[in-house]
Amino acid sequence: MSIFDKTNKGYENGSFSISGKKIICPFCGHDFFEVKSVLMNTPGLTFFGLDWANRSAFAVICTKCGKIEWFQHSPEPS
Ligand SMILES: [Zn+2]
């Protein structure tokens, strides 16, 4: 289940949590993010060569400082 199953926007804004823990930017401490679902099988990423290369990952981008965190599981709105 993904937050993107219900939308075709391709991104979501807001506060999110993973496994019940709220995501806080490790750089600036901000808690408002833009989340994008990104396919990991693009040519530029095949060098990873991992078994999850054909899946989506989630880029969680801090709206204040721009730091990007990657998650394999879908963040949940919090
Ligand atoms: Zn930040």
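Residues numbered from 1 in each chain as written. Predicted model: local features only at pLDDT ≥ 70, side-chain atom pairs only at ≥ 80, totals over all residues. Heavy atoms only, no water.

Trainee: Would you take a moment to explain the coordination of the zinc ion for this structure?
Mentor: For a metal bound by four donors in tetrahedral geometry, the ideal donor-metal-donor angle is 109.5 degrees, whereas six donors in octahedral geometry ideally sit at 90 or 180 degrees. Coordination sphere of the zinc ion, protein contribution only: Cys 25 (SG), Cys 28 (SG), Cys 62 (SG) and Cys 65 (SG), at 2.3 Å. Around the zinc ion sit 4 donor atoms; with metal-centred angles ranging over 104 to 115 degrees, the donor geometry is tetrahedral. A residue is classified by how much of its surface remains accessible, and Cys 25, at 4% relative accessible area, is buried. The class of Cys 28 is partly exposed, set by a relative accessible area of 29%. (Donors = N, O, S within 2.8 Å, 3.2 Å for Na, K, Ca; no water. Tetrahedral: all angles 85-135°; square planar, octahedral: opposite > 155°, others 65-115°. Buried < 20%, exposed > 50% of the residue type's maximum accessible area, 1.4 Å probe, protein only.)

Trainee: Explain the environment of Ser 17 here, please?
Mentor: Inspection of the secondary structure assignment puts Ser 17 in strand S2 (residues 16-18). Sequence separation of Ser 17 and Pro 77 is 60 residues, and the distance between their C-alpha atoms is 6.3 Å. (Helix = DSSP H or I, 4+ residues; strand = E, 2+ residues; numbered from the N terminus.)

Trainee: Would you mind going over the pattern of salt bridges with me for this structure?
Mentor: Pairing is possible between side chains of opposite charge, provided their charged atoms come close. Applying the stated criterion to the full structure yields 3 salt bridges. Residue Glu 69 is joined to Lys 67 by a salt bridge in which the shortest nitrogen-to-oxygen separation is 3.4 Å. Taking relative accessible area as the criterion, Glu 69 reaches 23% and is therefore assigned partly exposed. Residue class for Lys 67 comes out partly exposed when judged on its relative accessible area of 31%. (Salt bridge = Lys/Arg side-chain N within 4 Å of Asp/Glu carboxyl O.)

By themselves, these are just geometric observations and shouldn't be taken as functional.
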